[in-house]
Amino acid sequence: MKLLLAVDSVTSLDILLDEMMTRSWPSGTEARVVSIVEDGEVPLETWREEGYGVAAVRQEMRRRGEQITAPALQRLREIGIPAEVVIMRGNPDFLISFAARKWPADLILIRAHNRSDFRNWLLGSVAKSVVESAPCSFDIVRATETDQLSTNDGMRILVATDGSDVSLAAAQAVAETNWPADSEVKIVSVIDPIIYSLEELGLSRDKRTERAHRAIGQALSVLKHTSLKVSGEVIAGTIVRQIIERARSWNADLIVVGTHRRRGLKRLLLGSDSTSVANRAHCSVRVIRQDVSRNKESLSRRPTRNAGTVYRFQDRRGWRKAA
């Protein structure tokens, strides 16, 4: 499994590594820590020292790499995952997904920058960009309060399903992941409350409630051979709101949802329930993309204006410029 960790600071790196340390990863897993330096992040003093040239950006790239390389490689080595650190120059809105596509990554981990007010759970522009353009599955990671962290406790994973192929892919992803002992999974399927009431009264033959129970049964079948404690629940209400509220009331550590790969005008008009959940949830969210085929044309395109110099930091002894 190829994991791409997108970080913009040591704090973000620590949050992503804390998340990784709570899980077990398949044999052969490797990681790439990607950090992107924008020109606006270079201190004014550095610009002056380097004569306002490209050397100023390279110096900031080197500083960033030296800052995160040692802790990243050391902590990932503790859980048996070989890794490298890649520092890039350009626009992270574009380059994170580009780097994931080019490698190619199986899973992107990126931090949701939380705030203390109402916008606490709204994604920053970079995370939102990854949600919309990632070529593979991704985790939007939210920091867990220190007093809630415990390596001895199992995780609580809420899986949303509507019986679609992408929902089954989400359940399959959970079944194939190594979770801590005593972890629990709750499978929820949400239906329209009016339809639910009409069906309960025998005034509708839409059978959405029946389909919701069938969707839960299919997900349960996928997970039945795991060691996870699994339960299911049909909920009446609006999809995004009910997923978020149920995850909060159940004290979920992670929400797992599948997503359809809509493009262009259709995506703009219909939006995405998975995007809304990732944007507003109180906890981390994993979004499973079923269609992860690689576009050869996209792989062959190299960023020019956005990319600039790339460095790979392989150990604390130094760095080398990438080919």
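Positions within a chain are numbered from 1, following the residues in the order the chain's sequence is written. Owing to the predicted nature of the model, reporting of local features is limited to residues with pLDDT of at least 70; listing and counting of side-chain atom pairs is limited to 80 or more, with chain, interface and lining totals taken over all residues. Side-chain metrics in this entry use all non-hydrogen atoms of the structure; hydrogen atoms and water are not considered.

**Student:** Before we go on, may I ask you to explain the overall build of the protein in this structure?
**Tutor:** Runs of H or I in DSSP of at least four residues are treated as helices and runs of E of at least two as strands, each being numbered from the N terminus. Across its full length, the protein holds twelve helices and twelve strands. Residue contacts are counted whenever heavy atoms from the two residues lie within 4.5 Å of one another. Residue pairs at least 24 apart in sequence account for 79% of intrachain contacts in the protein once pairs closer than 6 positions are excluded. Of the accessible surface of the protein, which amounts to about 16700 Å², a share of 47% is contributed by carbon and sulfur atoms. Under the convention used here, a 1.4 Å probe and the Shrake-Rupley method define accessible areas, while residue burial counts only the protein chains that appear.

**Student:** When you look at unusual backbone geometry in this model, what are you seeing that I'm missing?
**Tutor:** What you tend to see is this: most non-glycine residues have negative phi, and most peptide bonds are trans. P104 follows W103 through a cis peptide bond whose omega is 0°. Assignment of secondary structure puts P104 in the loop between α4 (92–102) and β4 (107–111). Positive phi outside glycine occurs at D182, with the angle close to 70°. Looking at where D182 falls in the secondary structure, it is placed in the loop between α6 (165–175) and β7 (184–191). Burial classification: accessible surface area is computed with a 1.4 Å probe over protein chains only, and a residue below 20% of its type maximum counts as buried, one above 50% as exposed, and the rest as partly exposed. Residue class for D182 comes out exposed when judged on its relative accessible area of 65%.

**Student:** Help me understand the confidence of the model for the protein, please; the structure alone is not making it clear to me.
**Tutor:** As a per-residue measure, pLDDT tells how confident the predictor is, with possible values from 0 to 100. Looking at the protein, the pLDDT average stands at 80 and 76% of residues meet or exceed 70. For residues 264–271, every residue scores under 50 in pLDDT, and the model assigns this stretch five contacts once sequence neighbours within four places are set aside. The low-confidence segment residues 292–309, where pLDDT is below 50, has 35 contacts with residues more than four positions distant or belonging to other chains.

**Student:** Even after reading the chapter, I still don't get the pattern of salt bridges, so can you show me in this structure?
**Tutor:** When charged atoms on two side chains of opposite charge get close, those side chains can pair. What counts as a salt bridge is simple: a side-chain nitrogen of Lys or Arg found within 4 Å of a carboxyl oxygen of Asp or Glu. Taken as a whole and assessed by the stated rule, the structure comprises 14 salt bridges. The salt bridge partner of R241 is E245, with a shortest N-O separation of 2.9 Å. One end of the pair, R241, and the other, E245, are both in helix α9 (residues 239–249), four residues apart, so they sit about a helical turn from each other. When salt bridges with common partners are traced through the structure, they connect E19, R23, D139 and R286 into a single cluster.

**Student:** Can you walk me through the nonpolar core in this structure?
**Tutor:** A general tendency of soluble globular proteins is for nonpolar side chains to be buried together. Side-chain atoms within 4.5 Å are what join buried Ala, Val, Leu, Ile, Met, Phe, Trp, Tyr and Cys residues into a set we call a nonpolar core. Core analysis: the biggest nonpolar cluster contains 42 residues, and L4, I96, I108, I140, L158, I255 and V285 have the highest contact counts within it. Looking at this core element by element, the count peaks at five residues for α4.

**Student:** Help me understand the environment of G217, please; the structure alone is not making it clear to me.
**Tutor:** Within the secondary structure, G217 is located in helix α8 (residues 208–223). In this structure the C-alpha to C-alpha distance between G217 and I187, which are 30 residues apart in sequence, comes to 9.3 Å.

**Student:** What's the story with the pairing of strand β3 (residues 83–89) in this structure? I'm lost.
**Tutor:** Side-chain positions along a regular strand alternate between the two faces of the sheet. For β3, the tally of buried residues reaches five of seven residues, placing the bulk of the element in the interior. Where strand β2 (residues 30–37) and β3 come together, seven bridges link them in parallel fashion. From the neighbouring strand, S35 faces β3, where its bridge partner is I87. When DSSP finds two or more bridges between two strands, those strands count as paired.

**Student:** What should I look at first to understand helix α11 (residues 273–280) in this one?
**Tutor:** An α-helix turns once per 3.6 residues; consequently, residues spaced three or four apart project the same way. Restricting attention to buried positions, one finds in α11 the residues S274, V277 and A278. One face of α11 carries all of its buried residues, which in axial projection span an arc of 100°. Note that the arc is computed from the directions linking the helix axis to the C-beta atoms.

**Student:** In this structure, what is going on with the packing of α9 against α11? I would like to understand it.
**Tutor:** A pair of packed helices is captured by two measures, namely the crossing angle of their axes and the spacing between those axes. Note on geometry: axes are C-alpha line fits, over the in-contact stretch for helices, and angles between N-to-C directions span 0 to 180 degrees. Relative orientation of the contacting elements α9 and α11 amounts to 40°, with a least axis distance of 9 Å. Once α9 is placed against α11, the crossing between them reads as right-handed. Every residue of α11 that contacts α9 at I239, V240, I243 and I244 is listed here: D273, S276, V277 and R280. Put simply, a crossing is left-handed when the front helix is turned counterclockwise from the back one by less than a right angle, and right-handed when it is turned clockwise.

**Student:** For this particular structure, what's the right way to read the pairing of β2?
**Tutor:** Burial of β2 is extensive: seven of the eight residues sit out of reach of the surface. After leaving strand β1 (residues 2–7), the chain enters helix α1 (residues 10–21) and then returns to the sheet as β2, a path that is right-handed. For a crossover, the right-handed case is the one in which the path from the first strand over the helix to the second runs clockwise, viewed with the strands pointing away from the viewer.

**Student:** Explain α1 to me, please; I cannot follow it from the model alone.
**Tutor:** The end-to-end C-alpha separation of α1 is 16 Å, in line with the 16 Å expected for twelve residues at 1.5 Å each. Listing the buried residues of α1 in full gives S12, L13, I15, L16, L17, E19 and M20. Tucked into the core, α1 has its buried residues touching β1, β2, α3 (54–78), β4, β5 (137–141) and β10 (284–289). The span you would expect from a helix comes to 1.5 Å times its residue count less one.

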